[in-house]
Amino acid sequence: MTTTFEEFETVDLFSSWDAKTQPIISIHNMKKWFPVSQQSILFSRVVAHIKAVDGVNLFLNKGETLGIVGESGCGKSTTAKVTVKLEEPTEGSVYFKGIDIFQPMTREEELAVKRQLQMVFQDPYSSLNPRRMVLDLIKEPFDIHFPDMLYEEKEARVLEILAKVGLEDYHALRYPHEFSGGQRQRLGIARALAIHPEVILLDEPVSALDVSVQAQILNLLHDLQKDFDLTFMFIAHDLSVIKHVSDRVAVMYLGKIMEMSPTGELFRKTGHPYSVSLLSAIPRPDPRIKMDRIILEGDVPSPINPPSGCPFHPRCYKAQELCSKVTPDLEEVEPNHYIACHFPEI
Ligand code: SF4
């Protein structure tokens, strides 16, 4: 008989958290700026910052899937990396089950937080060590988080999780290069899932896969979410995928959240001009349906020197003088529907 993970827990950090009234994750004014340095013969000095994430506020409720959508470079992946403590924020805070995860912690507390926050990457091949067998790759999280667990039990758990993601026992003795793209993404999911996290951040998990394989992985994630009572943050640039998987959607642009609402509402009552233009680009399967596509002018501005006021104003079809002067706050315009715009469509 295998032991439960709770028997190995050495700290009780989250006892005051109430799943019914508090979000499992809440992010407050998170900023992540990367310094740009200029090198001389003797010195290096910081001359600017890339404002990858520039004041993000959002929350995740237990058991839901929050989709995050936006163009490349809008800060989606950096937001996810800070949320799982792979990066430190420049400013702001991230609460997981009511605990500020960047407050000073003991090693045991740090491990307790990290065990429950896992990430799946777009390219599983680069996140899986090609020199290690699958058995070792999936066993590694147990070695880190549960060093006292017996080897036989770790091995049994690896085989169990491989079966959960649709792989066979013999796959445990193979290396990552022996798998197809879809199978490698199953391995990435197995590694994230092995130690039973509460939240998984999925960073473009199907973008690099063929459409038929995408559907298999999305169905697998759906089943695993139910079986393991998981909460997902699902990052994608494809709005059709986001619509299919998410309970709520947050739209990002230049390091900020532009709009956040339940998925159905976002597609029915789109409020932010940027979301309107994104949605207008979704292909319709019926050619008889007339599309009023909004083509955005110009490129996404540089995150080193973002526009003043509303970051979307140089490309916005509704921009007025106020937009270039005052940054709109993310405000709740209808219950659970948040928009950062001076002149929303609703
Ligand atoms: Fe457009 Fe102004 Fe709204 Fe920004 S604040 S999205 S520029 S209307």
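Residues numbered from 1 in each chain as written. Predicted model: local features only at pLDDT ≥ 70, side-chain atom pairs only at ≥ 80, totals over all residues. Heavy atoms only, no water.

## Digging into the layout of surface pockets
Here the largest pocket is characterised by a volume of approximately 470 Å³. Around the largest pocket, the lining comprises 20 residues; the ones closest to its centre are Leu86, Gln118, Met119, Phe121 and Arg191. Breaking the lining of the largest pocket down by element, the ones donating at least two residues are α2 (107–116), β6 (117–120), α3 (124–127), α4 (134–145) and α6 (181–193). Broken down by element, the lining of the largest pocket gets its largest block of residues, four residues, from β6. (1 Å grid on protein atoms, 1.4 Å probe; cavity = no way out; pocket = protein on both sides within 12 Å on 5 of 7 lines; lining within 4 Å. Points joined across faces, edges and corners; volume = space filled by probe spheres on them. Helix = DSSP H or I, 4+ residues; strand = E, 2+ residues; numbered from the N terminus.)

## A few points about the nonpolar core
Of all hydrophobic cores here, the largest spans 56 residues; its most connected members are Ile138, Leu162, Leu187, Ile189, Ile200, Phe234 and Tyr274. Among the elements that take part in this core, helix α7 (residues 211–228) stands out by supplying seven residues, more than any other. Not counting chain neighbours up to four residues away, the residues in contact with Tyr274 comprise Gly70, Glu71, Val251, Met252, Tyr253, Met258, Leu296 and Phe312. Core analysis: the next-biggest nonpolar cluster, separate from the first, contains 35 residues, Ile101, Met119, Met233 and Tyr338 among them. (Core = buried A, V, L, I, M, F, W, Y, C linked by side-chain atoms within 4.5 Å. Buried < 20%, exposed > 50% of the residue type's maximum accessible area, 1.4 Å probe, protein only. Contact = heavy atoms within 4.5 Å.)

## What about the pairing of strand β1 (residues 25–39)?
In the sheet, β1 pairs with strand β4 (residues 91–96) via five bridges, with the strands oriented antiparallel. By the bridge assignment for β4, His28 is matched with Ser93. With antiparallel pairing between neighbouring strands as the criterion, β1 and strand β2 (residues 44–60) make up a hairpin whose turn holds four residues. (Pairing = 2+ DSSP bridges.)

## Quick notes on a nonpolar patch on the surface
Taken together, the side chains of Ile41, Leu42 and Phe43 present a nonpolar region at the surface, about 460 Å² in accessible area. With respect to the helices and strands, Phe43 occurs in the loop between β1 and β2. (Patch = residues over 30% accessible without salt bridge, like charges linked within 9 Å, V, L, I, M, F, W, Y side chains within 5 Å. Areas by Shrake-Rupley, 256 points an atom, 1.4 Å probe, with all protein chains shown as cover. Salt bridge = Lys/Arg side-chain N within 4 Å of Asp/Glu carboxyl O.)

## Looking at the sheet that holds strand β8 (residues 231–236)
In space, the eight strands of this open sheet follow the order β6-β7-β8-β3-β9-β10-β12-β11, with mixed pairing throughout. Taken across any chain shown, the strands that pair with only one partner, and hence form the sheet edges, are β6 and β11 (331–334). Between one strand and the next, the sheet's axes are offset by a mean angle of 25 degrees, whatever the strand orientation. The pairing of strand β7 (residues 199–203) with β8 spans five bridges and is classified as parallel. Directly across from Asp203, in β8, lies its bridge partner Ile235. Set on the sheet, α2 makes contact with β6 and β7; between it and β6 the angle comes to about 45 degrees. Along the sheet, α6 contacts β6 and β7; its crossing angle with β6, the most-contacted strand, is approximately 175 degrees. (Axes fitted to C-alpha atoms, helices over the stretch in contact; angles between N-to-C directions.)

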